[in-house]
Amino acid sequence: MANKSILVVGGGISGITAALEAAEAGCEVYIAEKNPYLGGRVTQINQYFPKLCPPNCGLEINFQRIRNNPRINFFTLAEVENISGQEGNFDVTLKINPRYVNDNCTGCGKCVEACPVEVDNPFNYGMNKIKAIHLPHDFAFPMKYVIKADACKEAGCAGKCAEVCEYKAIEPDMQSKTMNLNVGAIVWATGWNPYDANKLSYYGFGRFKNVVTNVMLERMAAMNGPTGGKIVRPSDGKEIKSIAFVQCAGSRDENHLKACSSVCCLASLKHATYVREQYPDAEISIYYIDIRARGKYEDFFTKVQEEANVTLIKGKAGEIEEDQTNGQLVVIAEDQEAKQVTRKSYDLVVLATGMAPSTATAAIPADMAYDEDGFVVPGAGTAGIVVAGCVKNPLDVASAVRDATAAALKAIQSTVRGQ
Amino acid sequence: MEKKIAVYICTGCGIGDALDIDALSKVAKSEFKVPICKTDGQLCGPEGVALIKQDIESEGVNTVVIAGCSARVNFDVFKFGPDNIVERINLREQVIWCHTADDEDTQMLAEDYMRMGLVKQKNMYVPEPYQVESFSRNILVVGGGLTGLTAAVESAKAGYSTILVEKDAELGGYVGKMYKQVPMKPPYTDLEENCIPNLVKAAEDAGVKIYKSATVENTAGAPGMFDVTIKQGDSTVQERVGAIVLATGAKPYEADKLGHLGFGKFPNVITQSMFEEMATAGKLEASKVAFIQCAGSRDQEHLPYCSAACCIESIKQALYVKEKNAEANVYVYYKDIRSNGQYEHFYMKAQQEGVVFVKGDVTEITEEDGKLTIEADDKTMGTTSLADEFDYVVLANGMVPTAALGDLVEEEPAADEAAAASDEPKASTPPVIKANLLNLAYRQGPELPALKYGFPDSHYICFPYETRRTGIYAAGVVRAPMDMLSAVEDGAGAAMKAVQCVEATEMGQAVHPRSGDMSFPEFNMNRCTQCKRCTEECPFGAINEDEKGNPLPNPSRCRRCGTCMGACPERIISFKNYSVPMVGNMVKTIEMPEEDEEKPRILIFACENDAIPALDMAGINRLQYNAWVRIIPLRCLGSLNLVWINDAMGGGFDGVLLMGCKHGDDYQCHFMKGSELAEIRLSKISETLDRLGLESERVRATTVNIMDYDKIPAMLDEFAADLEELGPNPMKDFA
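Residues numbered from 1 in each chain as written. Chains lettered and ligands numbered in written order. Predicted model: local features only at pLDDT ≥ 70, side-chain atom pairs only at ≥ 80, totals over all residues.

On to the sheet that holds strand S4 (residues 78-86) of chain A. Residues and elements named next belong to chain A. Reading across from one edge, S4-S5-S10 is the order of the three strands in this open sheet, with antiparallel pairing throughout. Of all the strands in the sheet, the pair left with one neighbour each is S4 and strand S10 (177-183). Here the strands of the sheet are splayed against their neighbours by 20° on average, with no regard to which way each runs. Strand direction decides the pairing type here: S4 and strand S5 (residues 89-96), joined by eight bridges, are antiparallel. Looking at S5, one finds that Gly-85 is bridged to Phe-90. (Pairing = 2+ DSSP bridges. Helix = DSSP H or I, 4+ residues; strand = E, 2+ residues; numbered from the N terminus. Axes fitted to C-alpha atoms, helices over the stretch in contact; angles between N-to-C directions.)

In C-alpha cells form, the structure reads like this:
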C-alpha cells in the first residue's frame, strides 16, 4: 500500500501552491522550508507585474488556506538531508536547524528592544541592519522570532534577550535536530537564487555602490524596505535624475546562464513604473536584446511605454565605468539601432540579473538529471520526485503557480501508483 | 446543541498592563452572564491551552471565546476540533499595540470588542456540510487537443474516471496536424516527433471514455452533479460529472485580414498552419523562405496581445526548411524574439543553423514570377532592406481563443419597471460570449465569462485557476496565449483543480479562496420578493432562477463570499456562522456614549482578506490611531448589507467607513467585485441618511491594500477629524 502523503520541499510560492492544491484534494502534506518563514522570494517583491499589486495579498490568502487546513504541516528552517526508498514509499530525513526561539514565543517583541547586536538584514539583501533577534519581516509567517546566533557569539552577548523574555521562549543552546518522514511522493520546489552579480565584473557590482541588482531595487521600492520605499543612490542617498536598466545581466550568455530568465524584461518594465512614480522627470533607459513580454503581458509593455516614458536601447551593455568623484556611472553599450557605441551617464544602474535554479548550487539528494544551467530535467531521474516551479524553468509567478498545481497532481499520481 | 460558553482573557504581551482586566471580565461575567471566564498570563503557552482543553472536557464547554492576539497568529494552538466554536477577540494587534495603554478610551474599546465577540458567537452555529445528491467523481474534459488530452490522461492517472469530448473526428487538435513539434525537454534544441499519437494511446490505456465528432449541447447542475448532454451525430448522451476542464483551444487569427502582408493576393504567402500542412504532407520544397512574426499579433489594429507561441513555432518551421535543405536561405522578420526561458537554446540552434533574424517591420511584399520580395525597415542595419527570390512567405498569424468566437449575450431587458426606470449604477461584469462550448444552463449566461480579449482567464497572478464558474477550469490556449510546454502544464494544472473540486464538494467544502469553508447560504424563501439582486450580483453564477424569479441556489457552486447576503434587501439569506442579524447585533451591542461625553464612535467594516491584515500590521508596527473606531471584519465587502449602516447611524455612530480592496481594471477583490458592489450600495444610502437628517459624508468607502498599513493611522484620524467638524450624530441620545 502506497503512502498517500506528500512532502513538498521549498515553501515559496510554488511549494505553497503545490502543498495547498494537494492538501485541498485530501492529501496529507508536509512542507519543508529552509528559511524561518514561508513565502520564499515573492515575500521580497514589492509589487507583481502586470497588476502592480502586493504579493502579500495573495500570500495572505494562501496562509489562511494553510491555517484552515488540518492536512498541512510545515517545518521552517528545515533541509532535506537524505532520501531513500521509491515512489509510493520514500523515507526522508529532515534536518531542522535551530531557531533559538521556541514555540513559547508570542511575538511580543520585547527581546528586540533588549538585543544589543546588529546584523545585516538578509531580507533586504544586507542594505540595512536588524537586531540579531528579529522577526524576519513584517508579514513573517509563522510570526515567530529567530536569532542569528553566530552574531551573538561574536559580540559576546550571553543572551540579553533571554533575560527579558517573560515566556521562556529563548533557548541559546538549542540544537539542530533530525526527523524522519515517510511519504508517497516528493515535490521539489526550492526555487531560484538571483544570479550572482559579483561574477559580472565588467558591470562593477560590488565595486561601484550605485550599481545594484533588480532584486535589491525591489526592496528599495518597498515601503517596508531599507529606504522606506524611496529609491535613492546607495552611495549618497541622493535622489535620482537618471537610471539605466541593463537586461540579460548574466542571462542569455554563454559565460553565465545560457537560458533566458523569462521575467527580467517585465520586472524592469515594472521597475520603470516604480521610478516614474517617484520621479516624474527622471530619465529611464532600458538596454535590451529583446523585450520578452509574452502573451497578455504585451499590454503591460504597451502601457509602460505609453505612461512611463522609457527609452529602450537595443543593445547589450558591454561595460560600466564609475566616475569616482561623484559616483556617476557610465554605461558603455553598442546601440544596434543607432549603429554606434554609446557612453551614457546615469545616477543609478540596475542589473537585471536572472534566475539561477537553486539546484545549481544545492542538488537534490537523489538520482536526478540537470541541464547545463542546473535546472532539473523533468521526468528524468527518480520516479515520485516531481519538480515544480523555477527549479525546472525560469518562470513568472502565474506560470510557477500553474506549474506547481500540475506538479501536485503528478505527486498524487505517485501516491496512487507507487508501491 | 446547547452552547456552553467560556471566555479566556490573555494578559500576556502587555495586555494585562495596558487594560483593566477585572473590568473586562465583568463585561463577560455580569453583562453577558458567561458562566466561565478565566484569565491567564500566556494563554498560548502549554498551561493556557491545557486550561481551555480541560474546560472542554470536564465542563462541557463547546464555545471558546479567546481574548488575546489576532486570529492570524496562534491559529494552530487554539484549535479544539470541528465541533467547538472558537471566537478570537483581538486585544493585542488592534487594541493595545495601537492605542494608549491604561487609558479610558482604550479600555472602552477593549470592552466593546468583548461585547462584540460575545454577541457574535451567540449568533453563530457550527456549519453542517452541504451534501450533493447522486454525487459524481467523474471528470469531463471538453476538447481533445494537446491540452485536453493531457488533462484527461493526468486525471485518469490520478484515479478518476474521465470523459473526453472532441468535436472533430480525430483527436489531436491543432498540434495533431503538426509535422514535428518544438522541443519539450533539455537540451531544448532538437525537433521532436509529434506527441499526439502517444498521448492518444495513453488516454486509451488509462481508460478515458472518448466521444469523437461530439459537442456539448447542454451543461446543467453544479460541481459534483453536472448533467452534461453530449451530442454525437444524431444521438445525444447524458453524462453526470463532478467537474469540467475546458480545453477547446484557439484558432489561428484570420489571415484574410492580413492583406497588407500579401495574404490572399499571392498564393505563396501562407500561414503557419498551411506551412505545417505542407511539411506534414512531405511537400516542403524551398530554397528561400521568410517568416514574418507578429502577423496580426502585437498590433492594435488586429490582436493587441502577443500570441506567445509564434516565435518558437517559426524557429521550428525555419528548422524544417534547413532539415530538408541545409543550403536553403531562411529569414525571420521580428519585433522581439520571444524564446523565453530554455527556448533560448532553440533560438541559438536556429542561429547556428544559419537562420537569419532581421529585426524590423515588413513594409511591403510583392511578387514577380512566383517569387516574393520583402521590403522591410531593418532596425539593426538602420536601412530599408530588400530581399527577394522567396519561395514562401510564412505569416506567424497568432491565435484567437475559441471562447471569443461568437455573439455577445445581450443583457436581458430589466424585468420590473423600477429597475428599468432607474439609472442606478451597476457593477462591471465581463461579457459572456455564446461560443457554443459548454452551453451552460446558468442564469448568467451559457459560457465562462470572457475576460480581456475573450480569454476566460483568471484575473489573478497568484491564482491562475480562480474561475468564475466553480468546478469549470479553462486550460491551454483557450485560457491564455501560450506555447506547448505551458499548455501541457496547464492541462495538468486544470485537471488538478477539477479533481480537487470533486474532493472538496464531496466533503461539503468550498473551493478557493475560502477553501474548506463548510458554511453556505440558506434562503428563507417565505419572504423573498423575487427582486433578483442575489442572482444578478453573485460573482460566480451560483444562483439560478425559476420562471417566477425565485432564486434557486446551487450550494456547490457557491464560494461563500456572502455577496448574495449583502445584496438581499429582505435579509432572507444567512450562513450558519455569518448572517445579517449576527453583524447587526454586533453593531448594536457597542456602547454608545452620550453626546456630552464627547466620545465619537466610528464603525469600520473591513475586508478580512486585506484590510484586516493591514490593520494587524499597523499594530505590529505599533502605529497609533484614535480609539473611537470599532472594527468589524467582513468575509468580503460584497457581503455588506445596508441595514447595518442603518443600524449604525440610527444607533448614534458618528460615521461609518468601509475598507475594501481596489476595484476597476486591476481590481484586487478576491471575489471579483465585492468592494465595487459595496460602494454602489453605499451610493444608494444617501436617501436614508437624509431622512435621519445626517450628512452623507458620514458614510464613506475607501480602498486599503494589505501594504497600506503605514497609511491607516492618517486615514482613520482624518476621518475622525472630518466627523468632528460635522459634529456629533444627533441620533446619539435617542439610541
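On we go.
Below, the discussion takes up the domain arrangement of chain A. Residues and elements named next belong to chain A. When the domains of chain A are assigned, the result is domain 1 (6-97 + 176-193 + 356-417), domain 2 (110-164) and domain 3 (196-353). Each of domain 1 and domain 3 has a C-alpha centre, and the two are 31 Å apart. Opposite the 13 residues of domain 1 that make contact, domain 3 presents 20 residues. (Domains from an automatic or database assignment. Contact = placed C-beta atoms within 7 Å.)

The next point concerns helix H13 (residues 484-506) of chain B. Taking 1.5 Å of rise per residue, the 23 residues of H13 of chain B would be expected to cover 33 Å, and the 33 Å separating its terminal C-alpha atoms lies within 8% of that figure. Of all 23 residues in H13 of chain B, 22 are buried; the element is thus mostly enclosed. (Expected span 1.5 Å × (residues − 1). Buried ≥ 20, exposed ≤ 12 C-beta atoms within 10 Å, placed from the backbone.)

It is worth spelling out the interface of chain A and chain B at this point. On the side of chain B, 70 residues touch chain A, which itself brings 64 residues to the contact. Where the side of chain A that touches chain B is concerned, the elements lending two or more residues are helix H2 (55-68), helix H8 (298-308) and helix H9 (397-417) of chain A. Of the residues forming the side of chain A that touches chain B, the biggest block, 14 residues, is contributed by H9 of chain A. Considering only residue class, the side of chain A that touches chain B consists of 27 nonpolar, 16 polar and 21 charged. (Nonpolar A, V, L, I, M, F, W, Y, C, P; charged D, E, K, R; others polar.)

With that settled, the discussion passes to helix H17 (residues 611-620) of chain B. Turn by turn, an α-helix covers 3.6 residues, leaving residues three or four places apart pointing in a common direction. Burial within H17 of chain B is extensive, with 10 of its 10 residues counted as buried. Burial in H17 of chain B covers these residues: Ala-611, Ile-612, Pro-613, Ala-614, Leu-615, Asp-616, Met-617, Ala-618, Gly-619 and Ile-620 of chain B. Looking at the packing, one finds that the buried side of H17 of chain B touches H2 of chain A together with helix H4 (92-96), strand S30 (602-607), strand S31 (629-634), strand S32 (655-660) and helix H21 (712-726) of chain B. Just downstream of H17 of chain B, Arg-622 of chain B is the residue with a positive phi angle, here 55°.

Right, let's talk about the confidence of the model for chain B for a bit. Here chain B shows a mean pLDDT of 95. Residues at 70 or above account for 98%. Here the predicted complex carries an ipTM of 0.97, next to a pTM of 0.97. (pLDDT = per-residue confidence, 0-100.)

Let's shift gears to the packing of helix H5 (residues 104-122) of chain B against helix H16 (residues 580-589) of chain B. All names here are of chain B. Packing of H5 against H16 leaves a shortest axis separation of 9 Å and a crossing angle of 155°. In terms of their interaxial angle, H5 and H16 are classed as roughly antiparallel. By crossing handedness, the relation of H5 to H16 is classed as right-handed. Counted together, Arg-115, Met-116, Val-119 and Lys-120 of H5 and Met-582, Asn-585, Met-586 and Thr-589 of H16 form the full contact between these two elements. (Parallel < 35°, antiparallel > 145°, perpendicular 65-115°, else oblique. Left-handed = near helix turned anticlockwise from the far one by under 90°.)

Turning our attention to the nonpolar core. Counting 393 residues, the largest nonpolar core has Val-187 of chain A together with Val-245 and Leu-246 of chain B as its most contacted members. What Val-245 of chain B contacts, discounting residues up to four positions off in sequence, is Ile-139, Val-141, Ala-151, Tyr-473, Ala-475, Ala-494, Ala-495 and Ala-498 of chain B. (Core = buried A, V, L, I, M, F, W, Y, C linked by C-beta atoms within 7 Å.)

Okay, the environment of Asp-733 of chain B next. All names here are of chain B. Note that Asp-733 resides in the segment after H21. On the basis of neighbour count, Asp-733 is assigned to the exposed category, with 12 C-beta atoms found within 10 Å. Counting along the chain gives 653 residues from Asp-733 to Phe-80, while the straight-line C-alpha distance between them is 43 Å. With near-sequence residues (within four places) excluded, Asp-733 lies in contact with Glu-594 and Glu-595.

The subject of this paragraph is the sheet that holds strand S3 (residues 72-75) of chain A. All names here are of chain A. Taking strand neighbours across the sheet as the criterion, the five strands line up as S3-S2-S1-S11-S22 in an open arrangement whose pairing is parallel. At either end of the open sheet lies a strand with only one pairing partner, and these are S3 and strand S22 (385-387). Going from strand to strand, the sheet's axes swing by 20° on average, the running direction of each strand aside. Two elements, strand S2 (residues 29-32) and S3, share four bridges in a ladder whose sense is parallel. Bridged to Ile-31 within S3 is Phe-74.

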